[in-house]
Amino acid sequence: MIKRLYFLLFALVAVFSCETPKTPDQIWEESKTQIFNPQGLSFQSKMVWENPNFHEFDTTFRSFEARKIKDEYFDYAYIGKRDNYTFAYLGGVLQSIDHEKKTVEITSIEQDSLNFINTLSNNGFLSFSPLGLMKKEGWSFVKDTIVDNKIYFDYLQIEMDTTIDKTKVLLENHLFINPSNAIPVWYSRRLYHHGKRNQLIEIYFSDYKFSEGNEELTLEIPSSYVSKTERESETRLPLEVGEKAPDFELVDMEGNPVRLSELKGKRVLLDFSMINCGWCKIAINKFKDEDFAFDSNLVPLYINPVDSKELMEKYLRTNSIPFPVLVGASELGKSYKVSGYPTFYIIDENGKIEFVQIGFSDNFIDQLNRKENS
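Since this is a predicted model, take the numbers as computed values, not measurements. Counting starts from 1 at the beginning of each chain's written sequence and moves along it residue by residue. Local features in this predicted model are restricted to residues of pLDDT 70 or higher, and side-chain atom pairs are both shown and tallied only at a pLDDT of 80 or more, whereas totals for entire chains, interfaces and linings draw on every residue. The side-chain quantities take in all heavy atoms of the structure and omit both hydrogens and water.

Draft legend 1. Looking closely at the overall build of the chain. Counting its regular elements, the chain contains ten helices and 19 strands. Against the globule reference of 21 Å for 374 residues, the chain gives a C-alpha radius of gyration of 27 Å, more extended than a compact globule. Based on the C-alpha atoms only, the size of the chain along its principal axes is roughly 90 × 50 × 30 Å. Think of it in three bands: residues with accessible area under 20% of the maximum for their type are buried, residues over 50% are exposed, and the middle band is partly exposed, with areas taken using a 1.4 Å probe on protein chains only. Buried positions account for 46% of the 374 residues belonging to the chain. Long-range pairs, those at least 24 residues apart, make up 60% of the contacts in the chain between residues at least 6 apart in sequence. For the purposes of this entry, the term helix denotes a DSSP run of H or I that reaches at least four residues, the term strand denotes a run of E that reaches at least two, and both are numbered from the N terminus. Between the two quantities, the radius of gyration covers C-alpha atoms and the globule rule is 2.2 Å times the number of residues to the power 0.38. Throughout, a residue-residue contact means that at least one pair of heavy atoms, one from each residue, lies within 4.5 Å.

See the structure below:
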């Protein structure tokens, strides 16, 4: 009956139009061209997610924006947003931003190659977008359907058809395309156990915008947010003012030993940072400014608990840091209970914690500037 409806509708179109109606395969290829050919695209979406345990549906609203890039790992830079969460791939780094906790979890190929590759193309924002869906193989036209007096083509892809622990599992992906403009309108993900629906996810796409410009995607992150790696996802309370600062001995990039206890009698600034932390770099740039100078009795040290010495060497070829860089500091980061970057400790002349600053602060850096306070 459905197939007869399809042919009847397009027979009527053919009678009243001199154009030959496009086949479902032609509409599919035209839709892929519209999605993949532009330099950039963005859209809004509404996700309706079934909770099978309570027979309820949750609804979330999302936005997604992507731009083509020349990158050895992925073809697009992208930003996805929902509620109090943002996920982005920019500058070769994955950023997972929790706006409630004010944290930026960073994953790079150097720090966690397996997780980086898996997450890059398999996160929910991308895999549930037309960009991710239409890259899957095995789509085929099933039928046309009418919703609100509009015709849509239903394309099916079987993601799973197997038996797991004696349970017959079938997972279907359906993508509905408007044949009048070849735009994907909604996506339906249907999971069946023994032929009975177990879960349903539906996503409705709207407000498409396509761009041919070469402008880069940018993401503004508030200065109060701290950056961390996945390994440091647990938040640790910092050492308290007045505590004795844990002693340490590390080497700088030239191999010179640096021991905290040997700096007794001076105040010491510990700048815990990592390469892919944007606000860490902004802090360093302020320290490098010609109008900035540390007090002569304060010794600044850059401490990186995350990145390897080899990666720091590569970074320092094109970026300068105006004080000693200490590496191999993963255990030191734990000793100082660092769980986000940048984190600054000031240690007084007697080796005790004088001040702790978590996250970037203009006011904190200005207070360190001898020229500002002279």
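Draft legend 2. Layout of the nonpolar core. Residues F248, L270, F287 and Y336 are the most contacted members of the largest nonpolar core, which totals 57 residues. Beyond its immediate chain neighbours, meaning those up to four positions away, Y336 contacts P238, L239, A245, P246, F248, L260, L270, F272, Y345, I347 and I353. Take the buried Ala, Val, Leu, Ile, Met, Phe, Trp, Tyr and Cys residues and link them wherever side-chain atoms come within 4.5 Å; each set so joined is a nonpolar core. By size, the runner-up hydrophobic cluster in this structure holds 36 residues, among which are L41, L94, I109 and F128.

Draft legend 3. Main features of the packing of aromatic side chains. Any two rings among Phe, Tyr and Trp, with Trp reduced to its six-membered ring, count as a pair given centres within 6.5 Å; such a pair is stacked if its planes are under 30 degrees apart, edge-to-face if over 60, and tilted if neither. Counted under the stated rule, the structure contains 33 aromatic pairs. With a centroid separation of 5.7 Å and an interplanar angle of 65 degrees, the aromatic rings of F141 and Y155 are classed as edge-to-face. On the criterion of sequence distance, the pair formed by F141 in strand β7 (residues 140-147) and Y155 in strand β8 (residues 150-164) is long-range, its members being 14 residues apart. F141 gets classed as partly exposed once you look at its relative accessible area, which sits at 25%. When the ring of Y152 is compared with that of W186, the centres are 5.4 Å apart and the planes differ by 75 degrees; the resulting orientation is edge-to-face. Linking Y152 in strand β8 with W186 in strand β10 (residues 183-193), this pair joins segments that are 34 residues apart in sequence. The class of W186 is buried, set by a relative accessible area of 11%. One aromatic cluster in this structure is built from F43, F64, Y73, F74, Y76, Y78, F87, Y89, F116, F205, Y208 and F210. Whether a charge sits over a ring depends on NZ of Lys or CZ of Arg being within 6 Å of the ring centre and within 35 degrees of the ring normal. A cation sits over an aromatic face here: K46 above Y204, 5.6 Å from the ring centre.

Draft legend 4. How the structure looks around the state of the cysteines. Here, two cysteine sulfur atoms that lie within 2.5 Å of each other are counted as a disulfide. Scanning all chains against the criterion turns up one disulfide. A sulfur-sulfur separation of 2.4 Å characterises the disulfide bridge that pairs C277 with C280. Here the disulfide of C277 and C280 is right-handed, its torsion about the S-S bond being about 80 degrees. Taking the relative accessible area as the measure of exposure, C280 reaches 2% and is therefore buried.

Draft legend 5. Molecular detail of the environment of Y85. The topology assignment puts Y85 in strand β4 (residues 85-90). A sequence separation of 17 residues divides Y85 from K102, and the C-alpha atoms of the two residues are 9.9 Å apart. Those residues within four positions of Y85 in sequence are excluded, and the remaining contacts are G80, S96, I97, H99 and F125. In this structure the side chain of Y85 is engaged in a polar contact, spanning 2.8 Å, whose partner is the side chain of S96. For the purposes of these results, a polar contact is taken to be a pair of N or O atoms within 3.5 Å, where, inside protein, one atom must be able to donate a hydrogen and its partner to accept one; residues adjacent in sequence count only when each atom of the pair is a side-chain atom.

Draft legend 6. Main features of the confidence of the model for the chain. What pLDDT conveys is the predictor's confidence in a given residue, as a value from 0 to 100. Of the residues in the chain, 91% reach a pLDDT of 70 or more, and the chain-wide mean stands at 88. Model confidence for the chain, summarised as mean pLDDT per element, is weakest for helix α1 (residues 2-16) at 49 and strongest for strand β15 (residues 267-272) at 97. Here residues 1-5 scores under 50 on pLDDT; set against residues more than four positions off or in separate chains, the count is four contacts.

Draft legend 7. Summary view of the sheet that holds strand β17 (residues 325-326). A pair of strands is labelled paired if DSSP reports no fewer than 2 bridges between them. The sheet built from five strands is open, its strands ordered β17-β16-β15-β18-β19 with mixed pairing. Of all strands in the sheet, those with a lone pairing partner are β17 and β19 (353-358), marking the two edges. When β15 meets strand β18 (residues 343-347), the two strands line up antiparallel, connected through five bridges. Following the sheet pairing, D271 is matched in β18 by F344. Convention adopted: a line fitted to C-alpha atoms gives each axis, helices being fitted over their contacting stretch, and angles between N-to-C directions are expressed from 0 to 180 degrees. Helix α6 (residues 278-288) contacts β15, β16 (298-303) and β18 of the sheet and is inclined by roughly 140 degrees relative to β15.

Draft legend 8. The sheet that holds β4, seen in detail. Here twelve strands make up an open sheet; going across it, the order is β7-β8-β9-β10-β11-β1-β2-β3-β4-β5-β6-β12 and the pairing mixed. With one partner strand each, in any of the chains shown, β7 and β12 (226-229) form the two edges of the open sheet. The sheet shows a mean angle of 20 degrees between the axes of neighbouring strands, taken without regard to direction. Of the strand pairs in this sheet, strand β9 (residues 167-178) and β10 are connected by ten bridges, and their pairing is antiparallel. In the strand pairing of β10, L171 is matched with L191. Its contacts with the sheet put helix α2 (residues 24-36) on β1 (40-51), β2 (56-68), β3 (76-82), β7, β8, β9, β10 and β11 (196-211), and the angle it makes with β8 is roughly 90 degrees.

Draft legend 9. Spatial organisation of the pattern of salt bridges. The working definition used for a salt bridge is a side-chain nitrogen of Lys or Arg within 4 Å of a carboxyl oxygen of Asp or Glu. Counted according to the given criterion, the structure contains 13 salt bridges. Residues E30 and K22 are paired through a salt bridge, measuring 2.6 Å at the closest nitrogen-oxygen approach.

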